[in-house]
Amino acid sequence: MPELPEVETVRRGLAPVLEGQRLERVELRRADLRFPFPEGFVQRLTGATVVEVGRRAKYLRIFLDRGDALICHLGMSGRFEIDHARPGAFHQRVGEEAKHEHVVFTTSAGTRIAYFDPRRFGYMGLIPLNTLEDHPWFAGLGPEPLADGFDGKVLQAALAGKRQNIKVTLLDQRLVAGIGNIYACEALFAARVAPQRPAGDLTAKECDRLARAVKTVLAEAIEAGGSTLRDFAAADGALGYFQHRFKVYDREGQPCSGGCEATIRRIVQGGRSTFYCPACQR
DNA sequence: CGATGCCCCTGAGAGC
DNA sequence: TGCTCTCAGGGGCATC
């Protein structure tokens, strides 16, 4: 579910209720999500104070005053809920709440922050700060697409020699970090690049357009509070609304908005749906 | 190196 | 109403 804009939206929701607060209570409802929780998870977190809530790629990184960072990956269906969130914003059915509530944090201010994850593809870890960037989750990550260092030149260098199609290549977190299926489709449309193109064949001009498109699409999605397809919500319960601005994603058969006569097509690449306009994207 | 398929898990929606 | 099938924002692995 959550790609960079959704994770950033969650980060912005959590920061004000977590930063400067002590974790008074930490409750674990099960021993694992995608991976087992680390040894001594509850003990290592209880009593720690949150210094900062950060993000790298699709990971939340909650820095603690004890020399550890709490890392959270939301997988496909992970979300946080703060107790003062709008009632009913997260759960359509009574009883669903307790079933998928896996971790509950209570801060020194009395705020209750719960982590839900029906599919349990998400995971959490506790990593010492001095080894954070060397940890396997972070060591191989490509640049943050919204950082100044990411541009057409960097992108072209990363794509050089690759015969894999550009759509699947954009999802490779080692080349650029944080792009997922929605924003890969949207960025390729905005850059007018066909998803089937071998990545290494993109010209300097196209790499420039694509790098800009990635930045624009991600930035606009963050501004819109992310995309809510099925169940995404910010930590305060607010729904994203960037899905209303999708040009191609999930729009198979609908007319293209790019001024051509074509309709949006869906193909499968790397086992995932790609949506694109066969006329606008070349 | 790359394409493909399968796996983790649960729920929603479509079609019958 | 209920059954079955497909698909879903992520990502790792095995195989050819």
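Residues numbered from 1 in each chain as written. Chains lettered and ligands numbered in written order. Predicted model: local features only at pLDDT ≥ 70, side-chain atom pairs only at ≥ 80, totals over all residues. Heavy atoms only, no water.

**Regarding the domain arrangement of chain A**
Each domain of chain A was delimited in the assignment, giving domain 1 (4-139) and domain 2 (152-276). With centres defined by C-alpha atoms, the gap from domain 1 to domain 2 works out at 27 Å. Summed over both sides, the interface of domain 1 with domain 2 buries roughly 1700 Å², with 64% coming from carbon and sulfur. Interface area lost by domain 1 to domain 2 is led by Pro-5, Glu-6 and Thr-9, which between them contribute 30%. Summed over the shared surface of domain 1 and domain 2, the result is five residue pairs in polar contact (both at pLDDT 80 or more). When contributions to the side of domain 1 that touches domain 2 are tallied by element, the ones reaching two or more residues are α1 (4-18) and β5 (79-82). Looking at the side of domain 1 that touches domain 2 element by element, the count peaks at nine residues for α1. (Domains from an automatic or database assignment. Buried area = accessible area lost by both parts, 1.4 Å probe. Polar contact = N/O pair within 3.5 Å; in protein donor to acceptor, adjacent residues only side chain to side chain. Helix = DSSP H or I, 4+ residues; strand = E, 2+ residues; numbered from the N terminus.)

**Concerning the side chain of His-102**
The residue His-102 is located in strand β6 (residues 101-107) in this model. Here the side chain of His-102 touches Asp-117 through a polar contact of 2.9 Å, landing on its backbone oxygen. Sequence-distant contacts of His-102, that is, excluding residues within four places in its chain, are made with Glu-27, Leu-28, Arg-29, Arg-30, Leu-33, Tyr-115, Phe-116, Asp-117 and Arg-120. (Contact = heavy atoms within 4.5 Å.)

**Concerning the nonpolar core**
In terms of nonpolar packing, the biggest core is built from 40 residues, with Leu-155, Leu-159, Ile-166 and Leu-210 touching the most fellow members. Per-element tally for this core: the top contributor is helix α8 (residues 204-223), with nine residues. The residues touching Leu-155, leaving out its near neighbours within four places in the chain, are Phe-150, Val-176, Cys-207, Leu-210 and Ala-211. Ranked by size, the runner-up nonpolar core spans 31 residues in total, among them Leu-23, Phe-41, Val-50 and Ala-235. (Core = buried A, V, L, I, M, F, W, Y, C linked by side-chain atoms within 4.5 Å. Buried < 20%, exposed > 50% of the residue type's maximum accessible area, 1.4 Å probe, protein only.)

**A closer look at unusual backbone geometry**
Although it is not a glycine, Ala-57 adopts a positive phi angle of roughly 55°. Structurally, Ala-57 can be placed in the loop between β2 (50-56) and β3 (59-64). Phi is positive for Arg-120, which is not a glycine, with a value near 60°. Within the fold, Arg-120 resides in the loop between β7 (112-116) and β8 (123-128).

**Focus on the pattern of salt bridges**
Within this structure, the stated rule accounts for 18 salt bridges. Across the pair Asp-32 and Arg-30 runs a salt bridge whose closest N-O atoms are separated by 3.4 Å. In this structure Arg-30 comes out as partly exposed when scored by relative accessible area, which is 28%. Among the ionic pairs, Glu-101 bridges to Arg-112, the shortest N-O distance being 3.0 Å. (Salt bridge = Lys/Arg side-chain N within 4 Å of Asp/Glu carboxyl O.)

**Notes on the packing of aromatic side chains**
Scanning the model with the defined rule gives eleven aromatic pairs in all. Between Tyr-183 and Phe-242 the ring centres are 5.9 Å apart and the planes differ by 40°, which places this aromatic pair in the tilted class. One end of the pair, Tyr-183, is in helix α7 (residues 181-191); the other, Phe-242, is in the loop between α8 and β9 (265-269), with 59 residues separating them in the sequence. An aromatic cluster is defined as three or more aromatic residues linked by ring pairs; in this entry it consists of Phe-35, Tyr-59, Tyr-123, Trp-137 and Phe-138. Taking the ring centre of Phe-138 as reference, the NZ or CZ of Arg-61 above it sits at 4.6 Å. (Phe/Tyr/Trp six-rings, centres within 6.5 Å; stacked < 30°, edge-to-face > 60°. Lys NZ or Arg CZ within 6 Å of the ring centre and 35° of its normal.)

**A short note on α1**
For α1, which comprises 15 residues, the first-to-last C-alpha distance of 20 Å matches the rise-based estimate of 21 Å (1.5 Å per residue) to within 8%. The positive-phi residue at the C-terminal boundary of α1 is Gly-20, with phi of around 85°. (Expected span 1.5 Å × (residues − 1).)

**Some words on the sheet that holds β6**
As summarised here, the arrangement of the four strands in space is β1-β6-β7-β5, forming an open sheet in which the pairing is antiparallel. Edge positions in the sheet fall to β1 (23-28) and β5, since each of these pairs with one other strand and no more. Adjacent strand axes in the sheet meet at a mean angle of 20°, parallel and antiparallel pairs treated alike. Pairing of β6 with β7 involves five bridges; the strand directions are antiparallel. For Glu-101, the partnering residue across the bridge sits in β7 and is Phe-116. (Pairing = 2+ DSSP bridges. Axes fitted to C-alpha atoms, helices over the stretch in contact; angles between N-to-C directions.)

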